[in-house]
Amino acid sequence: MSYNLLKGKRGIIFGALDENSIAWKTAEKVHEQGGEFVLTNAPVAMRMGAIKELAEKTGAEIIPADATKVEDLENLVEKAQEILGGKLDFVLHSIGMSVNVRKGKHYTDQNYDWTAKGWDVSAVSFHKTMRVLYEKDAMNEWGSIVALTYMAAQRVFPDYNDMADNKAYLESIARSFGYFFGTDKKVRVNTISQSPTPTTAGQGVKGFDGFIKYADEMSPLGNASADDCADYTLTLFSDLTKKVTLQNLFHDGGFSNMGVSAKVMERFIE
Ligand SMILES: NC(=O)c1ccc[n+]([C@@H]2O[C@H](COP(=O)([O-])OP(=O)(O)OC[C@H]3O[C@@H](n4cnc5c(N)ncnc54)[C@H](O)[C@@H]3O)[C@@H](O)[C@H]2O)c1
């Protein structure tokens, strides 16, 4: 349903790979709410082609950018403003990748070149993105920047591997850069800590099927879907959340405050 919540707002959406991506669902819903945006992804993801379908559907242009390369981000931010006709009101960072996870390297036996690569893609890219937006003064006052994270930043999920450390770093960047963006530009910066979600990145985690079922049975409201996450993100892009900043916001059906649920307990009672 459209409330025109984002009418007149412009932004950039990173990370729509295919129709399961959280960024894909967000782009569809931002469009429904009247927002205009540019889509971006790494050039390698672009070759897979699905993003073009989303661009057609939402009337968006695509600008390729490797989020670890500052020059790509500079080009993206400049072109996005040209295409959209002014400064930006919202940015979604929906990017994550661990080479150690991809290659099945155990957490206790990291390949540190891979660790560094995953850290750059999953965490430092958020700093680089905000740095470019900040230096180019590309955000309108009361704009909103959101990145997606996972609760393994606070609690142990052994198979989440080095992504846990990357997410902890990402959340810290949101607070640290959010301070400067808030005081200097009146822009808010938050992370959404989302339930396990069946996407390409999510399903790359070892034991994902067990992981997602467990979370679902632990959460009073059940897992939040990619669609639900997109809805929550809209509220953070809208003018209804202007004073929310420096927060890590759990969007997980209540999972993060649970000890145990009756459903999970049942499995241990004979
Ligand atoms: N799926 C889950 O269970 C889950 C849970 C919590 C948080 N998240 C987070 O949500 C975000 C989106 O992931 P998703 O689940 O939609 O999966 P996804 O695989 O659809 O999206 C990840 C995106 O990151 C992009 N990417 C990778 N390297 C890049 C680079 N160098 N430059 C630019 N883009 C790059 C990929 O091309 C892809 O589009 C990630 O930050 C992820 O960690 C996911």
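Residues numbered from 1 in each chain as written. Predicted model: local features only at pLDDT ≥ 70, side-chain atom pairs only at ≥ 80, totals over all residues.

Draft legend 1. Highlighting unusual backbone geometry. Of note, D137 is a non-glycine position whose phi angle comes to about 50°, a positive value. Note on D137: 10 C-beta atoms within 10 Å, which makes it exposed. With a phi close to 65°, L246 is a non-glycine residue in the positive phi region. Relative to the helices and strands, L246 is located in the loop between helix 10 (226–237) and strand 7 (248–251). Classification of L246 as partly exposed rests on a count of 16 C-beta atoms within 10 Å. (Buried ≥ 20, exposed ≤ 12 C-beta atoms within 10 Å, placed from the backbone. Helix = DSSP H or I, 4+ residues; strand = E, 2+ residues; numbered from the N terminus.)

Draft legend 2. The arrangement of the site of the ligand in detail. Near the ligand lie 27 residues; those nearest to it are S21, G96, T199, A201 and G202. Mapped onto the shell around the ligand, the elements with two or more residues apiece are helix 1 (22–32), strand 5 (139–149) and helix 8 (200–203). Here the element with the most residues in the shell around the ligand is helix 8; it accounts for three residues. Within the shell around the ligand, the residues separate by chemical class into 14 nonpolar, twelve polar and one charged. (Near = placed C-beta within 6 Å. Nonpolar A, V, L, I, M, F, W, Y, C, P; charged D, E, K, R; others polar.)

Draft legend 3. The arrangement of the sheet that holds strand 2 (residues 36–40) in detail. Pairing within the open sheet is parallel, and its seven strands lie in the order 3-2-1-4-5-6-7. Unpaired on one side and paired on the other, strand 3 (61–62) and strand 7 mark the two borders of the sheet. Of the pairings in the sheet, the one linking strand 1 (residues 10–14) to strand 2 comprises five bridges and is parallel in character. Within strand 2, the position partnered with F14 by the bridge is T40. (Pairing = 2+ DSSP bridges.)

Draft legend 4. Representation of the packing of helix 6 (residues 112–135) against helix 7 (residues 163–185). Interaxial distance between helix 6 and helix 7 falls to 8 Å at its minimum, and their mutual angle equals 10°. With respect to their mutual orientation, helix 6 and helix 7 come out roughly parallel. On helix 7, the residues touching G118, W119, S122, A123, F126, H127, M130 and Y134 of helix 6 are M163, N166, Y169, L170, I173, F177 and F181. Per-class residue counts for the contact of helix 6 with helix 7 are eleven nonpolar, four polar and no charged. (Axes fitted to C-alpha atoms, helices over the stretch in contact; angles between N-to-C directions. Parallel < 35°, antiparallel > 145°, perpendicular 65-115°, else oblique. Contact = placed C-beta atoms within 7 Å.)

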